[in-house]
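# Residue-level structure breakdown
Read off the chains here:
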Amino acid sequence: MKPAAFDYYAPSTTEEALAYLDQFGYDAKPLAGGQSLIPTMNFRLAQPSVLVDLNPIVDLSYIRPHEDGGLLLGAMTRASQVERDPLVAERAPLVHETMPSIAHPQIRNRSTMGGTMAHADPAAELPAVAIALNAQFRIRGQAGDRWVSVDEFFLGMFMTVIEPSELLVEVRLPPMPPRSGWCFREIARRHGDYALVGVAAMVTLDGGNQCDQARLVFLSVEDRPVPARRAAEMLQGQTPTAEAIQAAAETAATEDIDPGSDIHASASYRRQLAKVLARQALTQAFARARGVA
Amino acid sequence: MTKKYLGQRITRNEDPRMLTGQALFVDDVEIPGMLHAAFLRSDYAHARILSIDVSAACNRPGVVAVYTAEDMGDFWKPGPLLVPAPRGIEGAFFHARTQIPMARDKVRHVGEPMAVVIGESRYLAEDALADIVVDLEPLEAVADLERALDPDAPLVHDDMESNLGSFVPQRKGDYEAAREQADLVIQRRIVIDRGAAAAMENRVLVAHWDAKSQEMTIWDTTQAPIPLRNGLAGMLGLAEHQVRVIAPFIGGAFGPKIMMFQPEEVLLPWATMKLNRPIKWIEDRRENFVATTQERGQIHDAESALTKDGHILGVKDVFLHDSGAYDPYGLTVPLNSQNHVMGCYDIPSYYSELKMVFTNKMIVTPVRGAGRPQGIFVIERLLDIAAKELDIDRAELRRRNNLQPDAFPHNHKIIDQAFAEFVIDSGNYPATLARALDMIEYEKFIKEEQPALRAEGRHVGIGVVAFIETTGVGPYEGARVTIEASGKVSVATGVGTQGQGHFTAFAQIVADQLGVDVRDVHVVTGDTAHFHWGTGTFASRGAVVAANAINAAAKGVRVKVLKLASKVLGAPEEELELADGMVRVADIPDQSIGLGELAVLANPMRGAVEPGSEPGLEATDYFGPQYGATANGTHAMILEVDVETMMVEIKRYVVVEDCGTIINPLILEGQVHGGVSLGIGNSYYEQLVYDDNGQLLNGSFMDYLIPRSTDMPPRIEIGHEVTPSPLNPLGTKGAGEAGAIPVPSLFAQAVEDALYDYDLEVLEMPLSPNRLFELCYQKGS
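Parameters and conventions
Residues numbered from 1 in each chain as written. Chains lettered and ligands numbered in written order. Predicted model: local features only at pLDDT ≥ 70, side-chain atom pairs only at ≥ 80, totals over all residues. Heavy atoms only, no water. Helix = DSSP H or I, 4+ residues; strand = E, 2+ residues; numbered from the N terminus. Contact = heavy atoms within 4.5 Å. Polar contact = N/O pair within 3.5 Å; in protein donor to acceptor, adjacent residues only side chain to side chain. Buried < 20%, exposed > 50% of the residue type's maximum accessible area, 1.4 Å probe, protein only. Arc of directions from axis to C-beta. Salt bridge = Lys/Arg side-chain N within 4 Å of Asp/Glu carboxyl O. Core = buried A, V, L, I, M, F, W, Y, C linked by side-chain atoms within 4.5 Å. Buried area = accessible area lost by both parts, 1.4 Å probe. 1 Å grid on protein atoms, 1.4 Å probe; cavity = no way out; pocket = protein on both sides within 12 Å on 5 of 7 lines; lining within 4 Å. Points joined across faces, edges and corners; volume = space filled by probe spheres on them. Nonpolar A, V, L, I, M, F, W, Y, C, P; charged D, E, K, R; others polar. Domains from an automatic or database assignment. Phe/Tyr/Trp six-rings, centres within 6.5 Å; stacked < 30°, edge-to-face > 60°. Pairing = 2+ DSSP bridges. Axes fitted to C-alpha atoms, helices over the stretch in contact; angles between N-to-C directions. Parallel < 35°, antiparallel > 145°, perpendicular 65-115°, else oblique. Right-handed = clockwise from strand over helix to strand, strands pointing away. Expected span 1.5 Å × (residues − 1).

## Focus on the environment of Asp68(A)
Residue and element names in this part refer to chain A. Among the structural elements, Asp68 can be located in the loop between strand E4 (63–65) and strand E5 (71–74). Put simply, Asp68 and Ala253 are 185 residues apart on the chain and 35 Å apart in space, counted from C-alpha to C-alpha. Residues within four places of Asp68 in sequence aside, it is in contact with Arg172 and Pro175. Separated by 2.9 Å, the side chains of Asp68 and His66 make a polar contact. Of the polar contacts made by the side chain of Asp68, one reaches the side chain of Arg172; its length is 2.6 Å.

Encoded structure:
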């Protein structure tokens, strides 16, 4: 379990990093926290001939308030920083709640915000959370920056819209509307494992305590995080009673997702878990939106 | 002998070294000029080797040598049969097909070595593996244990008529007659899948041939340094004293490290002599999953015949045992299964057929438990089903069938792994059971708590399961005990150590015999330069066989101490006592001499050693038990199942253990904790999943799930019964494997009890939430 030989560059600025990526193209891989890339290289499943190490780029590590009430997170911000940051807890409580479910503390000390998004593992938590929060991604190339909405960002298993010559540099989380509620739930065989199924929920109530908007996003069910669109539509304009939530959860589990089977969980078991988790997460999110949880 | 230390919960002598990183592990060995080996392993479970071209690999810079089976010449030969088949069982047969150092004509399991690259670094060696061109003709794999016996199944070993490697029928009494008389006959098929030993430290080896001193030193994570040395010396044409095997601190073994002679263990010593440079090989985790032996893997067709009041009249069990591609360890595992089906019960008739089957999977050799969990699972499941059918309380049914305290020695009248009749030396099974029931508050739980929980809609179940463990088998171990001029004591024994606390438990025995501080007893294990008689650490035998040898040697030193001190102090031996590192005349404290001073007197600079005497205060002695001491215990647990997700949470866990005399309860309880955690793994987490082509689908710790500390019950409550074994002077019985043995059967019972309204019968191991979901929701009920 030793990686194949590679050249290693450690630029100290984003510009320098982009120059290397431009030079080496598909042969190069940017190295962020390395929690997925390094094991993959050690198994020799990935054999990039060039590694561009982003860790020396201190400018990419920050958590800043946005003037609109949202948050800006630098791509090299460590998961453990996000986990402990009071501003994240205040402005993006769904992210705050999710962090302890991500692997183990040692991994969170290395793992980065940008790395987990760019890696696009369908079992990762934060991509699903990003969809629930309607996040935006700032992608930088030598020609300049472009913003991509989360709905366009993930293309499939380990695939995003980032070009080989580009870097994800920032994640923007919009502000949470008033009367919103959130919840993250997942079921893993052991704490810290990739979830068999997970779900992130964001809901907003209108003045009449009816559901104005719901976003329910599953992880570990398909080749990318999957928003439960039919379930969300069912809830819109409805009073979120236990019955309405149960019906939405069942629709989410049966119609919105098409999970596969593997050695840990069959498709039908995943649907069962999805149904249970959706019900639990929506119930909790609506309770928080009403201010009773 | 005083009893200052024996039975005391003292902290471990070895821990300061372990905890401060001062303990030597094999990977710590660094020698100038050392090379590194990497193995090319088969990706196919079954394939014919047409050609292997290593020329490109040889030409890669940094590569020193590349070897295939062809390069080995006459040195290439199958390994020895480590445990021969038992003789004298009518109708039994056994075909030995032992492992080979590198595949020559065909590969028989994924992971079998085909070539080895030796290079200046492991990185370079692994790079060169990609340069080797192998032309393989894939063959249909024998992956399924049952289909392996189909008449048209492909053959793992082409020279055999079928994949049936062994057949052992054993009978006690007349089962068919018992069945005729029975009020109830229960028949079930039970399937137990494979798991890994998954020691924290993988196998590691450094082989160093020093041509100038003509000596071979091998650091190896082996459980059996002495047999390894003797065998390697023979293979390499060296005198035994030219080969030194050191098994230093080892990060867990759990059975597979007793396996000899592993391909890497044969190849590295051979190659270091050819190259005259030291070579290191570290098994990485990916290799460990395909290149280190595994266990479990049986299918039982079992039945029991009972009277309506729940007395067992007989048991019948016909089972398939998956041996993997080879069978170097003989029948140890399946014989243990066959033996343990009768467990701690009085079973008048028993008929069993053991069928050992070759498959294109990794070789099976003992893993902690070594066949016993399967046997216990069979009998305990049959009892649970009978309890339901007869409407008799589970605990009561076990009470009715337990061997009674006056039944010992009890002869189960079948042949065991030591090739003698299986005789249980001692025990108090009803007391063990009663104590466990008491600790878990069985009556209160089933009468009060459980009905209340069920009324709330919760699914909380209880289990209670009794078991035995044959331990402490021969042939023998030995030890040398020496009092040094410093007054401190050195102990050398041949067994290796892999975390069992030998440096403390053995020291406690010696400290009591010689009246010294336990911290002043320095124990050396597993180095053939220090002691070269013995077999190894396996079969829960260290505290029985090695400890009694150490006790005997310490007694021998004590005799010498008393004899010399009597002369020096001018007092009769019976008036002398050994304490605080001194020999003193009882009641006259100033009439004394320190042990160090005495040791100097025993090894004088002037004056002759008298005829018939030896210099120094030193003795060597051995212990070989007549037959193995059988430990027993009862485990009980309470668990809850979330029926929406089928996730299981263990709420309480109780162990009552009787392993005879306890040397150190702290160490014993650690062993129990470790065993229970493996048992929980075998029940709910750990399953090696092979596909139809014999490919392992979960060969990493991401997908092969080992319970972590956070997955363990919050506390394991342990009670001890002590029924000393009459078979050895210390009265000890082994405890190394016990913790793991009853857990699957216990887990099955408790899960069934929790899911009382799901009509669930657990006839397989391991379970998982996914499997429970299938069993409960998808069987059409």
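## Points about helix H10 (residues 394–401) of chain B
Residues and elements named next belong to chain B. Turning to H10, its buried residues are Arg394, Ala395, Leu397, Arg398 and Asn401. Here the buried residues of H10 occupy an arc of 160 degrees about the axis, which is enough to place them on one side. Buried residues belonging to H10 abut strand E15 (312–324), helix H9 (372–390), helix H11 (429–440), helix H12 (442–455), strand E19 (460–471) and helix H17 (743–754). Backbone nitrogen of Ala395 and a side-chain oxygen of the N-cap are separated by 2.9 Å at the start of H10; the cap is Asp393.

## Brief notes about the environment of Gly556(B)
Residues and elements named next belong to chain B. Within the secondary structure layout, Gly556 lies in helix H14 (residues 542–569). Looking at Gly556, the relative accessible area reads 22%, which means it is partly exposed. Placed 64 residues apart in sequence, Gly556 and Thr620 show a C-alpha to C-alpha distance of 7.6 Å.

## So, the pattern of salt bridges
One pass over the full model with this rule turns up 71 salt bridges over all chains. A salt bridge links Asp127(B) to Arg44(A), with the nearest nitrogen and oxygen atoms 2.8 Å apart. Here Asp127(B) is found in helix H3 (residues 122–129), whereas its partner Arg44(A) is found in the loop between helix H2 (37–42) and strand E3 (50–53) on a different chain. The pair Asp127(B) / Arg44(A) is uniform in exposure class, with both members buried. Between Glu752(B) and Arg381(B) there is a salt bridge whose closest N-O contact spans 2.4 Å. Within this pair, whereas Glu752(B) is found in helix H17, its partner Arg381(B) is found in helix H9, the two being separated by 371 residues in sequence. One network of salt bridges, with partners in common, ties together Arg44(A), Arg41(B), Arg122(B), Glu126(B), Asp127(B), Arg203(B), Glu264(B), Glu283(B), Asp284(B) and Glu287(B).

## So, unusual backbone geometry
The linkage connecting Gly474(B) with the following residue, Pro475(B), adopts the cis geometry, with an omega of 5 degrees. Turning to its location among the elements, Pro475(B) is positioned in the loop between E19 and strand E20 (477–483). Omega for the peptide link from Met765(B) to Pro766(B) comes to -5 degrees, which places this bond in the cis form. The backbone phi angle of Asn134(A) is positive, close to 60 degrees, even though this residue is not glycine. Along the chain, Asn134(A) turns up in the loop between helix H8 (125–132) and strand E6 (136–141).

## Here's the deal with the nonpolar core
Leu216(A), Phe218(A), Leu639(B), Phe747(B) and Leu755(B) are the most contacted members of the largest nonpolar core, which has 111 residues in total. It is helix H12 (residues 267–289) of chain A that provides the largest number of residues to this core, a total of 10 residues. Look past the residues within four positions of Leu216(A) in its chain and what remains in contact with it is Val199(A), Ala200(A), Ala201(A), Val226(A), Pro227(A), Ala228(A), Ala231(A), Ala252(A), Ala278(A) and Leu282(A). Ranked by size, the runner-up nonpolar core spans 50 residues in total, among them Phe75(B), Phe289(B), Ile363(B) and Leu696(B).

## Some remarks on the interface of chain B and chain A
Counting residues at the interface gives 29 residues for chain B, matched by 27 residues for chain A. Together chain B and chain A conceal approximately 2500 Å² of surface at their shared face, both sides included; 54% is due to carbon and sulfur atoms. Viewed at the interface, chain A and chain B are joined by 4 salt bridges. Put simply, chain B and chain A have 16 residue pairs in polar contact (both at pLDDT 80 or more) between them. Among the secondary structure elements, those contributing two or more residues to the side of chain B that touches chain A are H3, helix H7 (285–291), helix H16 (665–685) and helix H18 (769–777) of chain B.

## Description of empty space enclosed by the protein
All names here are of chain B. Evaluation of the coordinates by the stated rule reveals 11 cavities of 30 Å³ or more. The computed volume of the largest cavity comes to approximately 110 Å³. The residue makeup of the lining of the largest cavity, split by class, is 8 nonpolar, 5 polar and 3 charged. When residues of the lining of the largest cavity are assigned to domains, at least three fall in each of domain 2 (199–291) and domain 3 (295–473 + 626–777). Volume-wise, the second largest cavity comes out at about 90 Å³.

## Quick word on the packing of aromatic side chains
Residue and element names in this part refer to chain B. Counted by the stated rule, this structure contains 21 aromatic pairs over all chains. Taken together, a centroid distance of 5.3 Å and an interplanar angle of 40 degrees make the contact between Phe249 and Phe503 tilted. Residue Phe249 is located in the loop between strand E12 (243–246) and helix H6 (263–275), and its partner Phe503 is located in helix H13 (residues 502–514); the two are separated by 254 residues in the primary sequence. On the accessibility criterion, Phe503 (14% relative accessible area) is buried. Note on Phe531 and Tyr622: the rings are 6.2 Å apart at their centroids and 45 degrees apart in plane angle, and the pair reads as tilted. Placement of Phe531 in the loop between strand E22 (521–525) and H14 and of Tyr622 in strand E26 (residues 617–623) is noted, with a sequence separation of 91 residues between them.

## Concerning the sheet that holds E19(B)
Residues and elements named next belong to chain B. Read from one edge to the other, the open sheet built from 4 strands follows the order E19-E27-E28-E29, with strand pairing classed as mixed. A single partner strand is all that each edge strand has here, and the edge strands are E19 and strand E29 (716–720). Put simply, the sheet's adjacent strands are angled 20 degrees from each other on average, direction ignored. Helix-sheet contacts for H12 involve E19 and strand E27 (629–642), and the interaxial angle to E19 is about 145 degrees.

## Here we look at the domain arrangement of chain A
Taken as a whole, chain A is organised into domain 1 (7–53), domain 2 (58–173) and domain 3 (180–289). The C-alpha centroid of domain 3 of chain A is placed 36 Å from the C-alpha centroid of domain 1 of chain A.

## So, the environment of Gly79(B)
All names here are of chain B. Looking at the element boundaries, Gly79 is found in the loop between strand E3 (63–68) and strand E4 (93–94). Its relative accessible area of 16% is what places Gly79 among the buried residues. Along the sequence, Gly79 and Ile468 sit 389 residues apart, while their C-alpha atoms lie 32 Å from each other. Gly79 has contacts with Thr98 and Gln99, leaving out every residue within four places of it along the chain.

## Overview of the sheet that holds strand E9 (residues 184–195) of chain B
Residues and elements named next belong to chain B. Read from one edge of the open sheet, 7 strands run E4-E8-E16-E15-E14-E9-E30, paired in mixed fashion. Whereas interior strands pair on both sides, the edge strands pair on one side only; in this sheet they are E4 and strand E30 (764–765). Here strand E14 (residues 295–306) pairs with E15 via 9 bridges, running antiparallel. When the sheet's bridge partners are listed, Asp301 is paired in E15 with Val318.

## Let's talk about the packing of H12(A) against H18(B)
Where H12(A) contacts H18(B), the two axes come as close as 10 Å, and the packing angle between them is 95 degrees. It follows from the interaxial angle that H12(A) and H18(B) lie roughly perpendicular. Between H12(A), through Ser268(A), Tyr269(A) and Gln272(A), and H18(B), the contact on the second element is made entirely by Pro769(B), Asn770(B) and Phe773(B). A class-by-class count of the residues in the contact of H12(A) with H18(B) yields 3 nonpolar, 3 polar and no charged.

## As for the pairing of strand E2 (residues 28–31) of chain A
Two faces, one strand: in a regular strand the side chains alternate between the faces of the sheet. Residues and elements named next belong to chain A. Looking at chain direction, E2 and E3 are connected through 4 bridges and run parallel. In the strand pairing of E3, Ala28 is matched with Val50. The parallel pair E2 and E3 is bridged by H2, and the resulting crossover is right-handed.

## Digging into H14(B)
Taking 1.5 Å per residue, 28 residues should reach 40 Å; H14(B) reaches 37 Å between its end C-alpha atoms and fits that length. One or two steps after H14(B), the chain reaches Gly570(B), where phi turns positive at roughly 65 degrees.

## Details of the layout of surface pockets
Residue and element names in this part refer to chain B. The volume enclosed by the second largest pocket comes to roughly 920 Å³. The wall of the second largest pocket is formed by 38 residues, among which Asp193, Gln687, Leu688, Val689 and Tyr690 lie closest to the centre. Every element with two or more residues in the lining of the second largest pocket is listed here: E9, E14, H16, E30 and H18. In terms of residues, the lining of the second largest pocket owes the most to one element, E9, which gives 4 residues. In terms of residue class, the lining of the second largest pocket is made up of 15 nonpolar, 7 polar and 16 charged.

## Considering the side chain of Thr471(B)
Residues and elements named next belong to chain B. Assignment of secondary structure puts Thr471 in strand E19. A polar contact of 2.6 Å, which involves the side chain of Thr471, links it to the backbone oxygen of Ala629. In this structure the side chain of Thr471 is engaged in a polar contact, spanning 2.8 Å, whose partner is the backbone nitrogen of Gly734. Non-local contacts of Thr471, meaning those with residues more than four positions away in its chain, are made with Ala539, Ser540, Val544, Gly628, Ala629, Ala631, Lys733 and Gly734.

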